[in-house]
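Results of the structural survey
Listed here are the chains, written in short residue letters.
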Amino acid sequence: MNEQMQAETRVGIEALGLYVPRYYVSLNELAAVRGVDPNKFAVGIGQELMAVPAPDEDVVTLGANAALEALEQVDRSQIDTLIFATESGVDQSKAAAIYTHHLLDLPRRCKSFEVKQACCGSTAALQMALAMVAQKPTRKVLIIAADVARYGLGTAGEPTQGAGALAMVVSSQPRIMAFDSEWGSYTEDVMDFWRPNYLDEAVVDGKYSIKVYLKALAESWAQYAEESGFDHADHSRFCYHLPFTRMAEKAHRQLAKLNGLEVSDDTQIEEGLRYNRIIGNSYTASLYIGLTSLLEGTTEDLTGHRVGMFSYGSGCMAAYFSGVVLPGYRTHLRPNRRVEQFETRVPLTVEAYEAFYQHELPRDGSRYLTPQHETGHFRLSGVQDHKRLYERASRSAKAAPAHAAQDVALAG
Ligand code: CAA
């Protein structure tokens, strides 16, 4: 196969889009209210700010907003399949993908469904998309990964919450990254983190989850390295699933050790941690938000560099894989938009964050209009007869932080 043909059959990321809720809470303030040393969150966990979704946002609106950006440079009539990965879905039966398909006005012949395996669902979606495109190279697959991470007020997991969405178009005309074909995987039935259907918050055995994460990394890396023939030095940067940024440091150190290196080079991961440090955990989206952070934030031209990626989904399934950054990738990314997205977010007091957290939709299906807060282009306007109602948001809605808690209290 000549070089041109090889380039034509590569499958990878053609376009990316990222969305974060318009509100956040500072972990320094949370630490003060919870009576915890702020360095525990800033250094021990490695988190600074935590994105908080407003009552009129959910995974559907988060995901649709991310997808709008990903579709800016893609003809949406060419989207053949929409795969929505989430572990905080809004319905036990109907896929978040269907609501999103409607909001994005995608073609009726575009297949749309949801996949789940904790934070690794997005990577399962990616594997599926790569196979679909390899089978028929004219296909374009839109993957949306969106999640709201919830553990419970005052719990050890609380500072590792967050929310966000990442959308990517996978096709045979990749402009940002082409994926290598060898993957390592690992599955083991463990109870490190799960969420029974009757709970809104995850149940977690935190310390155990860290151990299983690191074991799954070792196992999936071993298979990936064996099958691909790549070693540590073949990768210039590394991205990890990011429940909190300190986890990546632990993981990167372990990977170095496994490969006989005495010290790990944290510069290989640091640009990939920046966005997650001010967003928090976004479960399915977090690895790919980390990749976006790396590509948008690294001043060095990464063209031709191989990035190692580790995806971990509690329960557990994990995957190790890699991709090569493509020439011209920078022209398809939007670091300036990220600056705007992050700098215009609204800070919440801890009290207002708690009110957002405690907001609930009626469980009897009765008519309810969600109070209007700052959102992206889409919002959950309410429910009626057990049906979720979505609408295009008026961008003029501004809820001042001091009013946020009160709005919710009044509406509830
Ligand atoms: N200054 C600096 N560091 C401090 C400190 C201080 N004042 N006080 C504590 N620390 C350090 C601790 O030494 C510790 O560091 P090490 O991990 O290096 O030992 C770190 O801060 C955390 O403190 P604790 O060990 O006391 O842990 P905790 O009880 O607060 O719980 C946690 C931490 C387990 C991560 C908890 O937040 C949690 O359960 N989070 C949710 C689960 C999770 O994220 N698991 C990750 C793997 S599973 C996964 O990845 C899937 C997923 O998305 C959930």
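Residues numbered from 1 in each chain as written. Predicted model: local features only at pLDDT ≥ 70, side-chain atom pairs only at ≥ 80, totals over all residues. Heavy atoms only, no water.

**Considerations on the overall build of the protein**
Our working rule: To qualify as a helix, a DSSP run of H or I must reach at least 4 residues; to qualify as a strand, a run of E must reach at least 2; elements of each kind are numbered from the N terminus. Throughout, a residue-residue contact means that at least one pair of heavy atoms, one from each residue, lies within 4.5 Å. Reported accessibility uses the Shrake-Rupley method at a 1.4 Å probe radius. Residues are deemed covered only where the shown protein chains occlude them. We treat Lys and Arg as the positive residues and Asp and Glu as the negative residues; His and chain ends play no part in the count. Throughout, a charge is located at the NZ atom of Lys, the CZ atom of Arg, the CG atom of Asp or the CD atom of Glu.
Along the backbone of the protein there are 13 helices and 18 strands. The principal-axis extents of the C-alpha atoms in the protein amount to approximately 65 × 50 × 40 Å. Within the protein, contacts between residues separated by at least 24 positions form 75% of all contacts whose residues are at least 6 apart in sequence. Total accessible area computed for the protein in this model is approximately 17,200 Å², and 49% of it derives from carbon and sulfur atoms. Of the side chains in the protein, 40 bear a positive and 51 a negative charge, and the two mean positions are spaced by 4 Å.

**Description of the side chain of Asn281**
Basically, it comes down to this: Accessible area is worked out with a 1.4 Å probe on protein chains only. A residue is then buried under 20% of its type maximum, exposed over 50%, and partly exposed in between.
Along the polypeptide, Asn281 turns up in the loop between helix 9 (274-277) and helix 10 (286-297). Classification of Asn281 by relative accessible area gives buried; the value is 1%. Leave out the neighbours within four places in its chain, and Asn281 touches Ala149, Tyr151, Thr160, Gln161, Gly162, Ala163, His241, Leu242, Pro243 and Ser286.

**Some words on the sheet that holds strand 17 (residues 378-384)**
As a reminder of what qualifies: Here, any two strands with at least 2 DSSP bridges between them count as paired.
Read from one edge to the other, the open sheet built from three strands follows the order 16-17-18, with strand pairing classed as antiparallel. The open sheet has two free edges, formed respectively by strand 16 (368-369) and strand 18 (387-392), since each of these has just one partner strand. The pairing of strand 16 with strand 17 spans two bridges and is classified as antiparallel. Bridged to Leu369 within strand 17 is Gly382.

**Some details on the packing of aromatic side chains**
Selection rule: Note on ring pairs: Phe, Tyr and Trp rings are taken, using the six-membered ring of Trp, and paired if centres are within 6.5 Å. Classes follow the plane angle, with under 30 degrees stacked, over 60 edge-to-face and the rest tilted. Put simply, a charge is over a ring when the Lys NZ or the Arg CZ is close to the ring centre, within 6 Å, and near the line of the ring normal, within 35 degrees.
Inspection of the entire model under this criterion finds 16 aromatic pairs. Between Tyr213 and Phe310 the ring centres are 5.1 Å apart and the planes differ by 75 degrees, which places this aromatic pair in the edge-to-face class. With Tyr213 in helix 7 (residues 206-228) and Phe310 in strand 13 (residues 306-313), this residue pair connects regions lying 97 residues apart in the sequence. Here Phe310 falls in the buried class, since its relative accessible area comes to 0%. Summarising the aromatic geometry, the rings of Tyr224 and Tyr320 are spaced 5.0 Å apart at their centres and angled 45 degrees between planes, so their arrangement reads as tilted. Of this pair, Tyr224 sits in helix 7 while Tyr320 sits in strand 14 (residues 317-325), and the two are 96 residues apart along the sequence. Given the relative accessible area of 0%, Tyr320 is considered buried. Among the aromatic side chains, those forming a connected cluster through ring pairs are Tyr213, Trp221, Tyr224, Phe230, Phe310, Tyr312 and Tyr320. Its end group placed over the ring of Tyr99, Lys94 keeps NZ or CZ at 4.6 Å from the ring centre.

**Digging into the domain arrangement of the protein**
Applicable threshold: Residue ranges for the domains trace back to a domain assignment, done automatically or taken from a database. The quantity reported as buried area is the accessible area (1.4 Å probe) lost by two parts once they are put together, taken as the sum for both. One speaks of a salt bridge when a side-chain nitrogen belonging to Lys or Arg is within 4 Å of a carboxyl oxygen belonging to Asp or Glu. Here a polar contact is taken to be a pair of N or O atoms separated by no more than 3.5 Å, where protein atoms must pair a possible hydrogen donor with a possible acceptor and residues adjacent in sequence count only if both atoms sit in side chains.
Structurally, the protein comprises domain 1 (3-346) and domain 2 (360-410). Using only C-alpha atoms to locate each centre, domain 1 and domain 2 end up separated by 27 Å. Across the domain 1 to domain 2 interface the summed buried area is about 1,700 Å²; carbon plus sulfur atoms make up 60%. Residue Arg22 pairs with Glu374 through a salt bridge whose shortest N-O separation is 3.5 Å. Linking domain 1 to domain 2 there are 10 residue pairs in polar contact (both at pLDDT 80 or more).

**Considerations on the packing of helix 4 (residues 59-70) against helix 5 (residues 96-103)**
The cut-off we apply is this: The axes are straight lines fitted to the C-alpha atoms, using for helices just the contacting stretch, and the angles between their N-to-C directions are given from 0 to 180°. Convention used here: angles under 35 degrees read as roughly parallel, angles over 145 as roughly antiparallel, angles from 65 to 115 as roughly perpendicular, and any remaining angle as oblique. Whether a crossing is left-handed or right-handed is set by the direction in which the near helix is turned from the far one by less than a right angle, anticlockwise for left-handed and clockwise for right-handed. Ten residue types, Ala, Val, Leu, Ile, Met, Phe, Trp, Tyr, Cys and Pro, are classed as nonpolar, four, Asp, Glu, Lys and Arg, as charged, and the remainder, Gly among them, as polar.
Where helix 4 contacts helix 5, the axes come no closer than 9 Å and their chain directions differ by 45 degrees. The orientation of helix 4 with respect to helix 5, classified from their angle, is oblique. Helix-helix and strand crossings are classified by hand; for helix 4 and helix 5 the assignment is right-handed. Contacts from Val60, Gly63 and Ala64 of helix 4 reach helix 5 at Ala96, Tyr99, Thr100 and Leu103. Split by residue class, the contact of helix 4 with helix 5 holds five nonpolar, two polar and no charged.

**Comments concerning the pattern of salt bridges**
According to the stated counting rule, one finds 25 salt bridges in the structure shown. Residue Arg334 is joined to Glu72 by a salt bridge in which the shortest nitrogen-to-oxygen separation is 3.2 Å. Of this pair, Arg334 sits in the loop between strand 14 and helix 11 (335-343) while Glu72 sits in the loop between helix 4 and strand 4 (79-85), and the two are 262 residues apart along the sequence. For Arg334, a relative accessible area of 12% gives the class buried.

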